[in-house]
Each structure stands twice: as structure tokens, then as C-alpha cells.
Amino acid sequence: MNHAPAGHPILDPRLAPPFPQAVLPVLRNPQLRKNVAHAIDVIQSKRARLVAEKSDWQDLRTAASGLRVHVLENLAFYLEQFEANCTAAGGHVHWAADAAQARQIVLDLLRQQAANEVIKIKTMTSAEIQLNPFLEAAGVSVFETDLAEIILQLGEQEPSHIVVPALHVNRAQVREIFARRMGLPNLSDDPQELTNAARAYLRQKFLTIPTAIGGANFLIAETGGVAVVESEGNGRMCLTLPRTMITLAGIEKVLPSFQDLEVMLQVLARSATGERMNPYTSLWTGVTPNDGPQNFHVVLLDNGRSSILARPKHRQTLKCIRCAACMNSCPVYRQTGGHAYGSVYPGPIGAILTPQLMRMHYAQSLPYASSLCGACYEVCPVKINIPEVLLELRAEVTNQERGQARRFFDPMYLGLRVANLLFSRAWIFHTAQFFGRIGLRLFTRKDGWIHSLPSIGAKWTQTRDLRGLPNQTFHSWWAARQKEAK
Amino acid sequence: MRASLFITCYNDTLYPETGRAVVTLLERLGVQLDFHRGQTCCGQMHANTGFRAEAFSQAKRFVRLYQDTETVIVPSSSCVAMIRDQYPGLIEELGNDALRRQFQALLPRVFELSEFLIDRLKVEDVGAYFPHRVAYHASCHGLRALHLGDRPFRLLAKVRGLDLAPLPNLDRCCGFGGTFSVKNAEVSSAMLAVKLQDVVSTGAEYCTALDNSCLMHLGGAMHRQYAGMKTIHMAQILASTEDLPAEAAQ
Amino acid sequence: MTAPAPSRQQILDRIRKAAQPPQDGSSAYETLPRTYIRQGQLTPEARLALLIERLREYDAEVVESTPTALPAAIGTQLAASGKHSFVAPAGLPTEWLSPGFDWRIDNSLTTAQIEQAEGVLAAAACAVADSGTIVLHHSAAEGRRLLTLLPDWHLCILRASQVVETLPEYFARFHQSPALVTWISGPSATADIEMTRIKGVHGPRFLHIILVHDQS
């Protein structure tokens, strides 16, 4: 399905290696780790500064969370309201149950227009449904117009972050890609010059390609309006120059009213890029004569979202507004970048969203790709309790394991089952401590420390020593002290 | 004042000196301590690794064991977080009204050590003496689940002779994460390397925390790398006096 | 050819079944918590000062003027730009169109004609001081969206009475959503290369604002 060159990250959860394996080449890549850590630290400090200056930040989070919960509890109502209003304003609304349907709807719309070229505004939803390779295979040339997406498209790379997808690429690497693919051998690595090169490269595309595909940050139910939040202006180009606009949006993107943007826009920009407001936000409603595309279509995508909606403890996953604050705050992501998650949605949100979109058939390693530190929950503008959902998903994965024969060969699984028995009675626990202490003496060196252990223990001792078990447990000491006192 | 010590499974087995320090400290402060011999584990390791079914019985045992106890003190933030954040859901699911009532009554009586000292005993100066440069590591559970805030700092500020070195990136996870340290050992180690850099950069002799779990991870790397630093649980610092200095730490 | 109708019903059925009990939306909406700041506390002068400060942080140029001095101020800005050909929406007051420049009024200009212009002069609907945001509703005096997008140089005429302090105040003022809205907070920028904010990817690289003191 995905004919990626060896070593090329695979962002298809059905094909990607499990997280503990996928991180290995990344952890051994100092340049990548440095690029990621630098980008993360910059966004984090910008965000922190702006949040600190916003005295009503927690109130905004409460409002944003409340709004999103309300929408999800009334999703059918708001989606129908959006559809009615968008249609009344001259738009066409389509419903796609899954990725395959969404792709086909888009292709059919393109064929109706005899379009064999499209310009695209970055949308993770299109990456989720693997739209680009599908369209290319059908003979449609897809031109990404976001700077990061061009870097990735020309460099034949995969996105590693949902807001700053090329965060793993530094300026020298961008220079190399542009010089080679845009035919600009004398290009320097100065970011301004690189940006100018992208601007020139795209100008002609904007002015000549009459069909655009993009996403939506918010769908406004009360008006049928669509809002797109961006920085560069390529969104504005795609929203005004072409004749046909196709907007792909997950069903959870809807907001009740225009006024609700007063909350969402305030939290989104600060969370995503550490700005009070991003450079350009556009809102349009259906079709406006003499201004912008006259042929406008919205494709509403389910693709697993309704099944997440059905589970009360998991539903909060859908509150997400794709700001990426969680991955910017995640100490795991900071070390691994996004590719290791094997999904277009990486980081903390990806760890809960991806397996659920896959109906828990794939990406079972992702809920474990977390130390449960809680930094993500702390920064999430819509208060998604990501650690809580991670724990629910871990329980589901473990329950899957309970039915699998290979559990008998899994030391971690067996160890935990045995530990449960040991903890069930104090005397069993104490007996285990006694024999454990004796057994571990085999591995304890003269200085009282263990340097190497077998089996799962080896995963500890590959980088850490372990102090040998003391001769007396606390409870034995206490018992002896009680006895002495008598 | 009377209180009961829940030592935690890993402290009982691996860090009995922390338990001994808690006893020394609290008895010095006039607390009459007892210890329920039937205690084993709070169930966190199982619950956090996905073995939720196994955690039910461990939660039930804890509640039954301490249902009549005035105050329970736990020298481990993560275990208290388990009891506060996850027990409600587990107990609810068990559907036993009597158990639920017992748990609701018990919950406000469970304290992490620094919470007990500051909030219950209302003491900051515990009469400690520990003449060393020390870096304090804020474990994630203490920071974000228990919102310990400045409690540890207030306690350390009153320890005579102690030179507290501020730790850069204080709120960044050390990478232990329970079974994460083994299931994702490489990432855990990468996070540990970054944390260790910050800790060692303080020039401190000791790194302390309210959780031996983080300290086991940090200390294990310090020992492996001859980092010239040691770890010590804060209970041992607070118990330390001129007459009875903290037991030789790792 | 749209997707077969069953998808729509299938999805809606799944959603309705998922969110139990079925809701109708509006009643709970009115009682959602909104304890965030709705109304700013700054005086009008401080508000304008804040807007100017935020705009300048984005490297937008701001000059102040009065209603009577406005046409001259426009002329000065145009002259200082070093540019000659400008586009303007059809609804602009004619006295704003300073003589001595090549004006193309947007009575169905082609894209190529707009692309050839060096700059654009247009009005605005509102501005939010807190974030330095100019808001366009693309009315007759503001021009269609393309007009303030393609040219590299954008001169925006903003009245002091159009300035609010906070974003919620904008939404309080415009409770009914216009069909088209563009919120502009600084010239286009990207931070996609090593997180360095670079101006001017697409959209005007040069944003100039004349703030007209139309309040006493």
C-alpha cells in the first residue's frame, strides 16, 4: 500500500512498527532530536508567555471545554443545522462514513469539474484519509501550498506535527530540498530567502489552478459558515482564487454559533503557535456572488468518530481542536518527534485518537507511549484529560492480550499477573520479598548494586543500575521494633 | 495525633530506610504511628499498565484495611494520586454501596507526607539538619495530580544547613512513568538523560524528591554513570538531625 | 455525483445513538459557562494606544489622522510607498483616491489586473486592540477578498470608533455573522522553518494603517 523507501517513516497505523521499535532510529538521530527539541522549546515558551499574560485563561479553557462537550452531546442537531444553512447559502454538503467514501466523493467532484490539478490548503484530515496518493493514482496532480507541506512534498517526507508539520527539518535541509526541486542552486539557507522562493514557486499555481481542497477549523452551525485559521495566506489564496472549493471536515468540527469563535480563536492561536492571534483567519458562508469559489462543497467525515462518540469516557477525545499544545508540552514527543507514532496524528492526542479511529485494531502500542506525566492535560485548551483516556485504552489493549496465546510468552504480562497474586495477601507478598531478595543476590555486585538483569529486567539495566534489595524490609523492621518495645 | 503508615509496596521492599525516616520524623513531631501488617500495594502499577481488573481487588483491600483509621500517611505522591484519582472510578464500578461509603469517608484522611506535615500538623520547621547542597525534583504526580505546590519548598527551606539548588525545567518529567520505564525503556532513558543533565548541572550533592520511584530511576543512572551525585527521599532529609544524621544514602 | 444517501442517515443514526439521551441543543447552550473577559477595561485612548502598539509589533505601519486630514494623509502614504498603481473597492469615497496615481477601481477587475497592481487601498469593519487584529467584512468600501490579498502593499483606513479592545466585544458588536469575514493580525508569516517567524509568504507583506480619530 505505502511504497515508502526503507527507513522512510510510515504514517499508516496499519503498517507502522510499534512505538518502542519506531523510536529507535529517531533516538539515534541527533540532528532530528535537536530540530524537534528546538522547535518545541520555542513554541512552548511563546505559549507560556502569552498564557501568563491572559488573566482569564482558565475561564477560557472552561468555556472552550464546555462548548465542545455541549456540541458532542448534541452533534446530530448541530450537524443538521450546519448542513441546512450551508446548503441554503449555496454550498453542497456530503457525508462520508469512512476514508474510502471521502476519497471517492472528492474524486467524483474533481471529475465533475474535469480537474486534473488541485491546490491544497494543509489539512490533517486529508492526510488521515490518505487523499493525496489516491488522487495522484487517479491522475490528479496535487499541489500543497503550505510552506511546511511543500517542504514535505518536495522532500518526499512525512509530517511529524499537526501544526508545524516540518518541525523536524532545519533550514539547511530545507535549502537542499528547494535548491534541488525548484532548480535554485544558488539558494542560501536564510529562512527569508527560502520563504521568498516558496512564494514565487506557488504564485503561478494559485493564479492558474481553478480547484482547491482544504480543511476547516470550525463549522458554524447557526450560519453554515466555515472558518479556516492560518498564518501564510495560502489558505486565503485557495479560498478566493479558484472556481471550486472542496472542504474536508471531521464531523466533530462544528460549533453552535458565530459568537463561539470568540472563545475558540482566543485559545487556538495561543495554544498552537504562541500568538495572540494567527495572521489570517477566514470565514465564508456558502457561495458569495463575485467573491471566491462559486462551486463549494463540504465533505463531512465520520471515519470512526461516531464510535468514539458512543463511549462516554472516551468521547472527550473528540473535543480536540488540533492545536498541538499537547505535543508541544510532551516530554516523550520532545525526544521522539512525530514520525515514531506511525500516524498523521502524533503526540498525546495521537496516542488516544489514532487507536480509536482504528477501532482498537491497530496502534495498540500508542496508549503506552506516555509516562503519564499529565503535562498535556495541563495545557489542553479544551481540557481533554488525555491521561485518563490513555488509561482506558491501556485497559482495552490488555483485555485484548488476555485472549491471545502469546501472552504466555510475554514476561511483562506474566509478571503483572503474578504480581497481582503476590499483592493479594500480605503473607504471599512477604514470602515473595524473601525469595526475591535471595534470587536477586545472584545479580548483586560487591558494591550492593545490580548492574545487569535478564528478561524485562534487562530493559531497566540497559541504562540504569538498581540497588540490591536491602536485607530487611520495612515491615520486618517495624515488627522487630514492636517486639523490642514489649 | 495518631496516624497509620502506608509504606507502599516498593518502599517496603527497596527503600525501607525511607520508611524508617518517616517513623523517626513523625515520632519526633509527636505523632503516634501505627502500621497495618496486612498492607501490600495500592494497585497503581496494575491500573496504569492496563490491568484494571486486577486493580479492583487491590483497591478494595486498601479501603477495607484502613476504613477505621484516623489518618493514613503515604510517602509516595503517585500512590496517593492513585487513591485520589483512580480509586473513585474503580470503587464506583464495583457497585458496592458499603464500600463506596467507606471509601468516601476514608479519602479525606489519606495524606502524602508533605501534605500531612504542612496541612495537618501545620509545621514547616521539622527540626531537621542536613548540611548539603540539594536539588529538589518535582515528581509529576506530586506536581500535577496532588498540586503539592510550594509545600516541599517550604519544608526544605527550614532544614538547617541545606543549600537548595534550583532545578532547571523543574516541571519536565524524568521519564520513569512506572512500567513505561521498561516498556519504552529507550525513550525513558532519553528523557532520563535530559533530566540528569539538568540535575547534575545544579552542582548538588543530592537529588531529593517525595517519590522513590523517580529517585530509583535517576539514582540508577547516576550510579551507572559515576555522576558524583546521590538520591535521597525527602523524608530522610527531614528526619536528619545533628545527633542522627540521615542514613548513608545510596 | 454525491455519495449514496444512506451514508448521511447512517452517520446521523450512529451519532444519535451515541449521544444518549438525544438532545436538541439550544436549551443547554444558553447556560454554558462564560466567565472569561467579555468587556475590556481600557479607556478609549488606552485602547487605541494598545492597538497601535500591537500593530507595530507586527511591523505594520500606523499613522494617525483626523477625518478632515484623511485624504491628505492617504496621499502622503501612497507617495511614501514609492508605488504607482493601486486597486481600490468601488465603494470608497472618491476623495480618498489621491490624484497622481494609477487607480483601478474594482468594477469586476480581472485577477490579472489585480495581480498587476502594486498596492490596495481599502476600509475595514472593525479592529481588536488586544490582538492587533483588523477585521474585514468585505463590504463595498472594503472590497472583495482578492483585492486585499493579491497586492503586496495594503493601506487600510480604520476609524477609531471601529476599534474594540477584546475579541468578545467584536462579536458583541457583530452578533449577526457576516457572510465573509477576514481577521488579519499582522502581515502574512510563517514559522515553519526552525520556528523563525518570517514575513510575507503570500498576502501583502506591507500593511499600513491610517487610524482616523473620528470620536471627540
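Just so it is clear, the structure is predicted and the values come from calculations on it, not from any experiment. (Residues numbered from 1 in each chain as written. Chains lettered and ligands numbered in written order. Predicted model: local features only at pLDDT ≥ 70, side-chain atom pairs only at ≥ 80, totals over all residues.)

**Quick look at the overall build of chain C**
Of the regular secondary structure elements, chain C holds six helices and twelve strands. Residues counted as buried form 47% of the 216 residues belonging to chain C. Put simply, of all contacts in chain C between residues at least 6 apart along the chain, 71% involve residues at least 24 apart. (Helix = DSSP H or I, 4+ residues; strand = E, 2+ residues; numbered from the N terminus. Buried ≥ 20, exposed ≤ 12 C-beta atoms within 10 Å, placed from the backbone. Contact = placed C-beta atoms within 7 Å.)

**What to know about the interface of chain A and chain C**
Counting residues at the interface gives 79 residues for chain A and 61 residues for chain C. A per-class count over the side of chain A that touches chain C returns 40 nonpolar, 27 polar and twelve charged. As defined by bridge partners, strand β9 (residues 280-285) of chain A adjoins strand β9 (residues 180-184) of chain C across five bridges and the pair is classed as antiparallel. Bridge assignment links Leu283 of chain A to a residue of β9 of chain C, and that residue is Val181 of chain C. (Nonpolar A, V, L, I, M, F, W, Y, C, P; charged D, E, K, R; others polar. Pairing = 2+ DSSP bridges.)

**Re helix α5 (residues 99-112) of chain A**
All names here are of chain A. Between its first and last C-alpha, α5 extends 20 Å over 14 residues, near the 20 Å set by a 1.5 Å rise per residue. Among the residues making up α5, those that are buried are Gln101, Ala102, Arg103, Ile105, Val106, Leu109 and Leu110. Once α5 ends, the next one or two residues include Ala114, with phi positive near 50°. (Expected span 1.5 Å × (residues − 1).)

**Quick notes on the interface of chain B and chain A**
Listed as interface residues are 51 residues of chain B and, on the opposing side, 49 residues of chain A. Listing elements by their share of the side of chain B that touches chain A, those giving two or more residues are α1 (9-14), α2 (16-28), α3 (44-49), α4 (52-66), α8 (140-145), α10 (180-183), α11 (185-201) and α12 (212-224) of chain B. Examining the composition of the side of chain B that touches chain A, we find that seven residues originate from one element, α11 of chain B, more than from any other. Residues that form the side of chain B that touches chain A fall into these classes: 20 nonpolar, 21 polar and ten charged.

**A short note on the packing of helix α9 (residues 171-181) of chain A against helix α10 (residues 191-208) of chain A**
Residues and elements named next belong to chain A. Remark: α9 packs on α10, axes separated minimally by 10 Å, with the N-to-C direction vectors making an angle of 30°. Note that α9 runs across α10; the crossing there is left-handed. For the pair α9 and α10, contact is made by Arg171, Val174, Arg175 and Phe178 and by Pro191, Leu194 and Ala197, respectively. For the contact of α9 with α10, the residue count by class is five nonpolar, no polar and two charged. (Axes fitted to C-alpha atoms, helices over the stretch in contact; angles between N-to-C directions. Left-handed = near helix turned anticlockwise from the far one by under 90°.)

**Overview of helix α18 (residues 386-402) of chain A**
Between its terminal C-alpha atoms α18 of chain A stretches 24 Å, which fits the 24 Å expected from 17 residues at 1.5 Å a residue. Those residues of α18 of chain A lying buried are Ile386, Pro387, Val389, Leu390, Leu391, Glu392, Leu393, Arg394, Ala395 and Thr398 of chain A. Against the buried residues of α18 of chain A lie α14 (325-329), α16 (347-357) and α17 (375-379) of chain A together with α3 and α4 of chain B.

**What about the pairing of strand β6 (residues 133-136) of chain C?**
Residues and elements named next belong to chain C. Burial along β6 is two-sided: the residues Thr133 and Val135 and Ile134 and Leu136 are all buried. Where strand β5 (residues 126-128) lies against β6, three bridges are found, and the strand directions are antiparallel. Within β6, the residue paired with Cys126 across the bridge is Val135. Where β5 hands over to β6, the hairpin turn is made up of four residues, of which Gly132 adopts a positive phi near 60°. Here β6 pairs with β9 via three bridges, running antiparallel. Bridging from a neighbouring strand, Leu136 pairs with Thr182 of β9.

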